[in-house]
Amino acid sequence: MGDVLAGIHATWEFDTDSVLIRFERGIRTPKLFQSLRERRIPHAALSSVTLTPGKRGTVVLHAVPRPGADPLLEAAAGQLKDGSDPYRLVLPAERETLAEYYADELRAVLGPDAAEPAERFLVAAPEAPMHFKAYDGRASFDGDRISFRWFWTGASTAKWKAGDQTFPVSELSGVEWRSPEAFDGYLRLVPRGVRNTDDGSGTGMPPVTGKGAPALRTDTAAPGPQASAPRPTQADQDPAAVIFGLGYGPVHESLPFAAAVLESVRRRHFTPVAVPASAVRRDPADIAERIRHLGELHQAGLVTDDEFSAKKAQLLAEL
């Protein structure tokens, strides 16, 4: 598309095959956004686009990703608050007409598989090397290995006895992340061939489901002699986990870390399948409607003469 839509805390740049989201670094910008800096979202990663009223004279443009398309949201497993959702662009209410135009533009480029879960990650994960301080240790990831170095002030006796830990990504099947904003937050690695004993809660509490549930992302591991080996019930007793506390393992540090590990694990287990490309022709009636809508924006002064001419030519070229 080649256009830019500036909102509160972020700017969306529309390209022919993706949306580049650039996050501001102001003091009021959510720390997760500042940590992510920018993200490129392919159109193929989106399932739908909505525009709804926001709070205090705003509207919210929300590009909803397909399940399985974004390692960040897969790791978050529904635990992110609306204000920290990187797919929400908040705009002043007076820009609703312009936001509606871009929402329609995005809906028009959604692929035929938009309603289906993605077979692989389509959005890039945060890049390693990464590290953060948890309550009981320091977690580091260099792209190939995850290391936990225990703190004597916070680590349990079980972890001290086990010693500092290093986990090659090739030996993992997934990762669990429970937000530090929830009770008993933690980041927990899932070794291949090891099962969990409490349905993913990792704390010895009743399993959590739905929004607020920890992310349990695994790939099928070949059965073996260790396939039924139990895991420590509590995350603070598990040398494959670090636990969070006030100021230790905050969302903007631990969630990108979890997403990077998850993407690396999935990439090592994924076998790409060649999919033939197919050209898709746009409906002429749809093109005519978009040109009409574009003309209304032009008359309202929301689109310049040059932008109107360029966009009209682009739409006509799709016939």
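What this report covers is the structure whose coordinates are included nearby. (Residues numbered from 1 in each chain as written. Predicted model: local features only at pLDDT ≥ 70, side-chain atom pairs only at ≥ 80, totals over all residues. Heavy atoms only, no water.)

### Here we look at the overall build of the protein
Link 1 in the chain: The helix and strand tally for the protein stands at seven helices and 15 strands.
Link 2 in the chain: Each of the 319 residues in the protein was classed as buried or not, and the buried ones make up 45%.
Link 3 in the chain: Taking the intrachain contacts of the protein between residues at least 6 apart in sequence as the baseline, contacts between residues at least 24 apart amount to 65%.
Link 4 in the chain: Accessible surface for the protein amounts to roughly 16,300 Å². Of this, 52% is attributable to carbon and sulfur atoms. (Helix = DSSP H or I, 4+ residues; strand = E, 2+ residues; numbered from the N terminus. Buried < 20%, exposed > 50% of the residue type's maximum accessible area, 1.4 Å probe, protein only. Contact = heavy atoms within 4.5 Å. Areas by Shrake-Rupley, 256 points an atom, 1.4 Å probe, with all protein chains shown as cover.)

### Re helix 5 (residues 251-269)
Two residues of an α-helix separated by three or four positions point the same way, owing to the 3.6 residues in each turn.
Link 1 in the chain: The end-to-end C-alpha distance of helix 5 is 27 Å, a good match for the 27 Å that 19 residues give at a rise of 1.5 Å each.
Link 2 in the chain: Counting buried residues along helix 5, 14 of its 19 residues qualify, which places the element largely inside the surrounding structure. (Expected span 1.5 Å × (residues − 1).)

### A few points about the layout of surface pockets
Link 1 in the chain: For the second largest pocket, the calculated volume is near 460 Å³.
Link 2 in the chain: In this structure, the second largest pocket is lined by 17 residues; those nearest its centre are Lys 55, Thr 58, Gly 83, Arg 88 and Val 90.
Link 3 in the chain: For the lining of the second largest pocket, the elements supplying multiple residues, two or more each, are strand 5 (46-53), strand 6 (58-65) and strand 7 (88-92).
Link 4 in the chain: Among the residues making up the lining of the second largest pocket, the classes are represented as seven nonpolar, five polar and five charged. (1 Å grid on protein atoms, 1.4 Å probe; cavity = no way out; pocket = protein on both sides within 12 Å on 5 of 7 lines; lining within 4 Å. Points joined across faces, edges and corners; volume = space filled by probe spheres on them. Nonpolar A, V, L, I, M, F, W, Y, C, P; charged D, E, K, R; others polar.)

### Side note on the nonpolar core
Soluble globular proteins tend to bury their nonpolar side chains together.
Link 1 in the chain: With 65 residues, the main nonpolar core has Trp 12, Ile 146, Phe 148, Leu 187, Leu 189, Leu 255 and Phe 257 as its most contacted residues.
Link 2 in the chain: In terms of residue count, helix 5 provides more of this core than any other element does, nine residues in total.
Link 3 in the chain: Leaving out residues up to four positions away in the same chain, Trp 12 has contacts with Asp 3, Val 4, Leu 5, Val 19, Leu 20, Ile 21, Leu 61, Ala 63, Tyr 87, Arg 88, Leu 89 and Leu 106. (Core = buried A, V, L, I, M, F, W, Y, C linked by side-chain atoms within 4.5 Å.)

### Regarding the environment of Glu 38
Link 1 in the chain: Structurally, the position occupied by Glu 38 is in strand 4 (residues 38-42).
Link 2 in the chain: Along the sequence, Glu 38 and Pro 86 sit 48 residues apart, while their C-alpha atoms lie 9.5 Å from each other.

### A word on unusual backbone geometry
Among all residues except glycine, the phi angle is most often negative; among peptide bonds, the trans geometry is most common.
Link 1 in the chain: Of note, the amide linkage connecting Ala 128 to Pro 129 takes the cis form, showing an omega dihedral of 5°.
Link 2 in the chain: Along the chain, Pro 129 turns up in the loop between helix 3 (96-108) and strand 8 (130-133).

### Notes on the sheet that holds strand 6
Link 1 in the chain: Here we have three strands laid out as an open sheet, ordered 5-6-7, and antiparallel in their pairing. Both edges of this open sheet fall to strand 5 and strand 7, since each of them pairs with a single strand only. Recorded for the sheet is a direction-independent mean angle of 15° between the axes of neighbouring strands.
Link 2 in the chain: Pairing between strand 6 and strand 7: five bridges, direction antiparallel. Within strand 7, the position partnered with Val 59 by the bridge is Leu 91.
Link 3 in the chain: Helix 3 contacts strand 5, strand 6 and strand 7 of the sheet and is inclined by roughly 165° relative to strand 5. (Pairing = 2+ DSSP bridges. Axes fitted to C-alpha atoms, helices over the stretch in contact; angles between N-to-C directions.)

### Digging into the sheet that holds strand 4
Link 1 in the chain: Here four strands make up an open sheet; going across it, the order is 1-2-3-4 and the pairing antiparallel. Only two strands of the sheet have a single neighbouring strand rather than two, namely strand 1 (3-6) and strand 4. This sheet shows a mean twist of 20° between the axes of neighbouring strands, independent of strand direction.
Link 2 in the chain: In the sheet, strand 2 (residues 10-14) pairs with strand 3 (residues 18-23) via five bridges, with the strands oriented antiparallel. Residue pairing in the sheet places Phe 14 in a bridge with Val 19 of strand 3.
Link 3 in the chain: Packed on one face of the sheet, helix 3 meets strand 1, strand 2 and strand 3 and runs near 130° to strand 1.

### Description of the packing of aromatic side chains
Link 1 in the chain: Applying the stated rule across the entire model yields ten aromatic pairs.
Link 2 in the chain: Relative to Phe 244, the ring of Phe 132 lies with its centre 6.1 Å away and its plane at 65°, an arrangement referred to as edge-to-face. Taken together, the residues span a long stretch of sequence, with Phe 132 in strand 8 and Phe 244 in the loop between strand 15 (241-243) and helix 5 at a distance of 112 residues.
Link 3 in the chain: According to the relative accessible area criterion, Phe 244 is buried, its value standing at 10%.
Link 4 in the chain: A centroid spacing of 5.9 Å and a plane angle of 85° characterise the contact between Tyr 135 and Tyr 248, whose relative ring orientation is edge-to-face. Here Tyr 248 lies in the loop between strand 15 and helix 5 and Tyr 135 lies in the loop between strand 8 and strand 9 (137-141), a separation of 113 residues in the sequence.
Link 5 in the chain: According to the relative accessible area criterion, Tyr 248 is partly exposed, its value standing at 35%.
Link 6 in the chain: Aromatic ring contacts, followed pair by pair, group Trp 12, Phe 14, Tyr 101 and Tyr 102 into a single cluster. (Phe/Tyr/Trp six-rings, centres within 6.5 Å; stacked < 30°, edge-to-face > 60°.)

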